[in-house]
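What the coordinates show
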Amino acid sequence: RAPSPAPSSTPSVQVFCRFRPQNSIENSHAGVNCVKSNQTSCTVMLPNAQESDPEQIFTFDRVFAPNSTQEEIFDKVVSSLVDDSLNGYNCTVIAYGQTGSGKTHTMEGPPNCDFSDPESGVLPRVATKLFSTVANRRTELKETAFECAVTMSVIEIYLEKIVDLLDTSSPLSKKNGDSELLRIREDTSGSVYLEGVVEHVINDPSGLLKCLGDASQKRSTGAHSMNARSSRSHLVAIITITQKTSTTGTTSGKLYICDLAGSETVRKTGAGGKRLKEAQAINRSLSALGNVIKALTPVDNNNSSNPHVPYRDSKLTRLLQDSLGGNAKTALIVTCSVSSYNVSETMSTLRFGNRAK
Ligand code: ADP
Ligand code: MG
């Protein structure tokens, strides 16, 4: 096993809630802002269906109001995890929420946005911080031999099948033949990896964004339209950082950035055929994720020093197994609209986030 990483001050699981402003569709349906959030107490209040019922209150590690910036999200949620991954921890950042609630906006920002864009999301900011920290380390270490390798893989989990989005040898076909699919393996030290996944070596922040661009290119040339497919599959970017110095040996950390399938699909099981299969697959993996995160939170572990964590219930949780729990650091960001038009989806998203807390 690799040496234990330096102590980290980041809690093992944190849950954040981010709201987006009401959009024109919600406006046209006479939606109003129905959410009361309090940044100091980190609480969110939603009105109840009946006037006589008490309001529903949810508590998070931090709540981001609709006017919060991309920079704030990075600074308060992700920045410390980049440090942790550089110190040898495995870290996971997950965006969960209904389609259109801001998951991709949070994780990537607008399509093809550049580093200087204030709207750039988590991934471009991770890239910038990662390489500037490595450059500083190199300067600090002066004469000491220092090697650092950063690699990136991007995969999609669709219908419980894992597709390599950086493998350009095969297009994303309508029916993914088994030859295109990746298998999850575990090595003797308990590290989980994807057998044969393409790992691009990244030398600078632009290299990381290029990979992301290539992945969305492949995803969008698939059988389904980009939006439809992206709302029904999980996108996972895996960044691996391996550092070696003559004095401290090798340190290796992983950072998983997950933009999940839309959570609303879970309840649309009235559909048949393909849609039903998709809904069942999403349902299964999102509830497995909720159960895993719940099993990892201290409140639930009071009576058991070794709780059963059901990682094997889905491809997503199995893949994230060595990066959720144990020494790993997890940030779950639940994204919602403030609009009354989407209040029932928001309620269900907040419940998921609260259950995970
Ligand atoms: P999702 O990935 O959850 O389906 P998107 O991230 O694609 O949702 O967001 C849907 C739309 O809402 C996009 O046009 C996006 O720019 C906008 N949006 C999302 N979050 C915010 C936000 N916090 N502030 C302003 N606009 C947002
Ligand atoms: Mg999206």
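In the block above lies the structure referred to throughout.
Residues numbered from 1 in each chain as written. Chains lettered and ligands numbered in written order. Predicted model: local features only at pLDDT ≥ 70, side-chain atom pairs only at ≥ 80, totals over all residues. Heavy atoms only, no water.

**Regarding the overall build of the protein**
- From N to C terminus, the protein includes 10 helices and 14 strands.
- Excluding contacts between residues fewer than 6 apart, the proportion of contacts in the protein whose partners are at least 24 apart in sequence is 69%.
- For the protein, the exposed area adds up to about 16,600 Å²; of that, 48% sits on carbon and sulfur atoms. (Helix = DSSP H or I, 4+ residues; strand = E, 2+ residues; numbered from the N terminus. Contact = heavy atoms within 4.5 Å. Areas by Shrake-Rupley, 256 points an atom, 1.4 Å probe, with all protein chains shown as cover.)

**Re empty space enclosed by the protein**
- Using the criterion set out here, one finds 1 cavity of 30 Å³ or more in the structure.
- By volume, the largest cavity is sized at about 50 Å³.
- Lining the largest cavity we find Ile157, Tyr158, Leu159, Glu160, Arg232, His234, Glu278, Ala281, Ile282 and Ser285.
- The set of elements that each furnish at least two residues to the lining of the largest cavity consists of β7 (146–158) and α7 (273–296).
- Among the elements that make up the lining of the largest cavity, the one with the highest residue count is α7 (4 residues).
- Partitioned by chemical class, the residues of the lining of the largest cavity number 5 nonpolar, 2 polar and 3 charged. (1 Å grid on protein atoms, 1.4 Å probe; cavity = no way out; pocket = protein on both sides within 12 Å on 5 of 7 lines; lining within 4 Å. Points joined across faces, edges and corners; volume = space filled by probe spheres on them. Nonpolar A, V, L, I, M, F, W, Y, C, P; charged D, E, K, R; others polar.)

**A closer look at unusual backbone geometry**
- One non-glycine residue with positive phi stands out, namely Leu159, at about 50°.
- For Leu159, the position within the fold is in the loop between β7 and β8 (161–164).
- Residue Leu159 is classed as partly exposed on the basis of its relative accessible area, which comes to 27%. (Buried < 20%, exposed > 50% of the residue type's maximum accessible area, 1.4 Å probe, protein only.)

**Re the sheet that holds strand β3 (residues 43–46)**
- Judged by pairing direction, the sheet is antiparallel, and its 3 strands sit side by side in the order β2-β3-β4 without closing on themselves. Each of the sheet's edge strands pairs with one partner strand only, and the pair in question is β2 (36–38) and β4 (56–59). Taking the axes of each pair of neighbouring strands and ignoring which way they run, one obtains an average angle of 15° across the sheet.
- Two strands pair when backbone bridges link them, and β2 and β3 are joined in this way by 3 bridges, in the antiparallel orientation. (Pairing = 2+ DSSP bridges. Axes fitted to C-alpha atoms, helices over the stretch in contact; angles between N-to-C directions.)

**Things to note about the site of ligand 1**
- Taken together, Arg18, Arg20, Pro21, Gln98, Thr99, Gly100, Ser101, Gly102, Lys103, Thr104 and His105 are the residues near ligand 1.
- Contact distances for ligand 1 include 3.1 Å between an oxygen atom and a backbone N or O atom of Gly102.
- Separating an oxygen atom of ligand 1 from a side-chain N or O atom of Lys103 is a distance of 2.8 Å.
- Calculation on ligand 1 without its partners gives an accessible area of 560 Å², and the protein chains cover 62% of this total.
- Contributing elements (two or more residues each) for the shell around ligand 1: β1 (13–20) and α3 (103–107).
- Residue classes in the shell around ligand 1 are distributed as 1 nonpolar, 7 polar and 3 charged. (Near = heavy atom within 4 Å. Polar contact = N/O pair within 3.5 Å; in protein donor to acceptor, adjacent residues only side chain to side chain.)

**Thoughts on the packing of aromatic side chains**
- Counted under the stated rule, the structure contains 2 aromatic pairs.
- Considering the side-chain rings of Phe16 and Phe64, the 6.4 Å spacing of their centres and the 40° angle between planes classify their relative orientation as tilted. Of the two residues, Phe16 sits in strand β1 while Phe64 sits in strand β5 (residues 62–64), which places them 48 residues apart along the sequence.
- Aromatic pair Tyr96 and Phe352: ring centres 3.8 Å apart, planes at 5°, arrangement stacked. Placement of the pair is Tyr96 in strand β6 (residues 90–97) and Phe352 in helix α10 (residues 343–356), with a sequence separation of 256 residues. (Phe/Tyr/Trp six-rings, centres within 6.5 Å; stacked < 30°, edge-to-face > 60°.)

**Topic: the side chain of Arg20**
- Within the fold, Arg20 resides in strand β1.
- The exposure class assigned to Arg20 is buried, which follows from its relative accessible area of 16%.
- At 2.6 Å, the side chain of Arg20 forms a polar contact with the backbone oxygen of Gly100.
- Dropping the residues within four chain positions of it, Arg20 is found in contact with Glu26, Pro66, Gly100, Ser101, Cys336, Ser337, Val338 and Asn342.

**Things to note about the side chain of Asp322**
- In this fold, Asp322 is placed in the loop between α9 (315–319) and β14 (329–337).
- Note on Asp322: relative accessible area 15%, which makes it buried.
- For Asp322, the side chain forms a polar contact with the side chain of Lys254, separated by 2.9 Å.
- Only 3.0 Å separates the side chain of Asp322 from the side chain of Ser323, close enough to count as a polar contact.
- Not counting residues up to four positions away in its chain, the partners in contact with Asp322 are Asn90, Gly190, Ser191, Val192, Lys254, Tyr256 and Ala328.

**Overview of the pairing of β6**
- Of all 8 residues that make up β6, 8 are buried, and the element is covered over most of its length.
- Of the two faces of β6, the one holding Asn90, Thr92, Ile94 and Tyr96 and the one holding Cys91, Val93, Ala95 and Gly97 are both buried throughout.
- Relative to strand β13 (residues 249–259), β6 is paired through 6 bridges, and the arrangement is parallel. Looking across to β13, one finds that Ala95 is bridged to Asp259.

**A short note on the packing of helix α4 (residues 122–141) against helix α5 (residues 205–220)**
- Put simply, α4 and α5 touch, their axes get as near as 8 Å, and they point 150° apart. As judged from the angle between their axes, α4 and α5 are roughly antiparallel. Where α4 crosses over α5, the two elements pack in a sense that is right-handed. Residues Leu123, Pro124, Ala127, Thr128 and Phe131 of α4 touch α5, and the partners they reach there are Pro205, Leu208, Leu209 and Leu212. (Parallel < 35°, antiparallel > 145°, perpendicular 65-115°, else oblique. Left-handed = near helix turned anticlockwise from the far one by under 90°.)

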